[in-house]
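Residue strings, one per chain:
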Amino acid sequence: MKPKLIIFDFDGTLGDTRHNIIITLQRTMRILGLPVKSDEECAATIGLTLGDSFRSMYPDMSADVAERCVTVYRDIFYESIEELTPQLFPGVSDTLARLAAMDIKMSIASSRSSPSLLLFLERMGVAGYFPYVLGSDNVSRHKPDPEPVLKTLRELGYDASETFVVGDMPVDVAMAHGAGVRAIAVTFGNATREELVVAKADYIIDDFTKILEIVETL
């Protein structure tokens, strides 16, 4: 069935934020005197909420310290917004325009908080494509839990059978499948092709524009 709704992840899917996230995580660690994790260790947490990212890198971290990390991270983010505004991946802008012309509704389900998410979408010139945006602060259970997808379906009035999720991480695929939705995984984000194969993504693409081919052949 052709999709009527596509739910996009943001980081590593629409916006090339890997470098920005790693820099901000490592600056936070230095400010708080934590052992600084490698680029690879930081990147492996992308797709999780900020609190979960820090707790996954520091398993013994208390809830209070994790919350302090989140606060410092966000302070750095807003202080460095001009420096750290990401770019869209190649083909994103044109593909979104084509999907909109096909009357496909588009929304976002991200582990990023909604204030920074909405700010980035506006600065990157694509906010108008997404009338419905869910950030980590808009749900009680986060990826890989299916709640963000289920809430989107309920609020927008679509069925799982007519919906796709597009993301770059196994948690995006798990979120989609948990809600009974098909998943398109992109390889240019923060997970390897092998990880996406193991996650059982329905489609794996190396180029964002390939979404159009999938939609048009259904």
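Model, not experiment: these values are computed from the prediction. Along each chain, residues carry numbers from 1 onward, in the same order as the chain's sequence is written. At least 70 in pLDDT is required for a residue's local features to be given in this predicted model, at least 80 for side-chain atom pairs to be given and counted, and no such filter applies to totals for whole chains, interfaces and linings, which use all residues. In computing side-chain values, all of the structure's heavy atoms are included and hydrogens and water are not.

1. Observations regarding helix 11 (residues 210-217)
Going by this rule: Between buried and exposed lies partly exposed: a residue is buried under 20% and exposed over 50% of the maximum accessible area for its type, with that area taken using a 1.4 Å probe on protein chains only. Numbering of helices and strands starts at the N terminus; helices are DSSP runs of H or I of at least 4 residues and strands are runs of E of at least 2. Note that the arc is defined by the directions from the helix axis to the C-beta atoms. In what follows, residue pairs with any heavy atoms lying within 4.5 Å of each other are defined as contacts.
Of all the residues in helix 11, the buried ones are Ile-211, Leu-212, Ile-214 and Val-215. Along the long axis of helix 11, the arc covered by the buried residues comes to 160 degrees, so they all point the same way. For helix 11, the secondary structure elements touched by its buried residues are strand 1 (5-8), helix 6 (92-101), strand 6 (163-167), strand 7 (182-186) and strand 8 (203-205).

2. Details of the state of the cysteines
Going by this rule: Count a disulfide wherever a pair of cysteine sulfur atoms falls within 2.5 Å.
Across all of its chains, the model carries zero disulfides by this definition. Cys-69 supplies the cysteine sulfur nearest to Cys-42, a cysteine that is in no disulfide, at a spacing of 11 Å. When its relative accessible area of 0% is taken as the criterion, Cys-42 is described as buried.

3. Side note on helix 7 (residues 114-123)
An α-helical turn contains 3.6 residues, so any two residues separated by three or four positions project in the same direction. All of the buried residues in helix 7 are Ser-114, Ser-116, Leu-117, Phe-120 and Leu-121. The arc enclosing the buried residues of helix 7, seen along the axis, measures out at 165 degrees, which places them on a common side. Next to the buried residues of helix 7 lie helix 4 (63-79), helix 5 (81-84), strand 4 (105-109) and strand 5 (132-134). Looking one or two residues past helix 7, Gly-125 carries a phi angle of roughly 80 degrees, positive in sign.

4. What to know about unusual backbone geometry
With omega at 10 degrees, the peptide bond leading from Lys-143 into Pro-144 counts as cis. Relative to the elements of secondary structure, Pro-144 occurs in the loop between strand 5 and helix 8 (147-156). Backbone geometry places Asp-103, a non-glycine residue, at a positive phi of 60 degrees. Checked against the element boundaries, Asp-103 lands in the loop between helix 6 and strand 4. The phi torsion at Lys-200 lies on the positive side, around 70 degrees, for a residue other than glycine. Mapped onto the fold, Lys-200 is located in the loop between helix 10 (193-198) and strand 8. The class for Lys-200 is exposed, based on a relative accessible area of 60%.

5. So, the sheet that holds strand 5
To be explicit about the condition: Whether two strands pair comes down to DSSP finding at least two bridges between them. Angles run from 0 to 180 degrees between N-to-C directions of axes, and those axes are lines fitted to C-alpha atoms, restricted for helices to the stretch in contact.
The strand order across the open sheet built from six strands is 5-4-1-6-7-8, with neighbouring strands paired in parallel fashion. Strands with a single pairing partner mark the edges of an open sheet, and in this sheet they are strand 5 and strand 8. The mean inter-strand angle of the sheet, taken between neighbouring strand axes irrespective of direction, is 20 degrees. Most of the contacts of helix 11 go to strand 8, to which it runs at about 145 degrees, and overall it touches strand 1, strand 6, strand 7 and strand 8.

6. Focus on the packing of aromatic side chains
Applicable threshold: The aromatic pairing rule takes the rings of Phe, Tyr and Trp, using the six-membered ring of Trp, and pairs them if the centres are within 6.5 Å, calling planes under 30 degrees apart stacked, those over 60 edge-to-face and the rest tilted.
Going through the model one piece at a time under the given rule, you end up with seven aromatic pairs. Taking 6.0 Å as the distance between ring centres and 80 degrees as the angle between the ring planes, the aromatic pair formed by Phe-8 and Phe-130 counts as edge-to-face. Of this pair, Phe-8 sits in strand 1 while Phe-130 is found in the loop between helix 7 and strand 5, placing the two residues 122 residues apart along the sequence. Ring centres of Phe-77 and Tyr-78 lie 4.8 Å apart, and the angle between their planes is 85 degrees; this geometry places the pair in the edge-to-face category. The partly exposed category is assigned to Tyr-78, whose relative accessible area is 39%.

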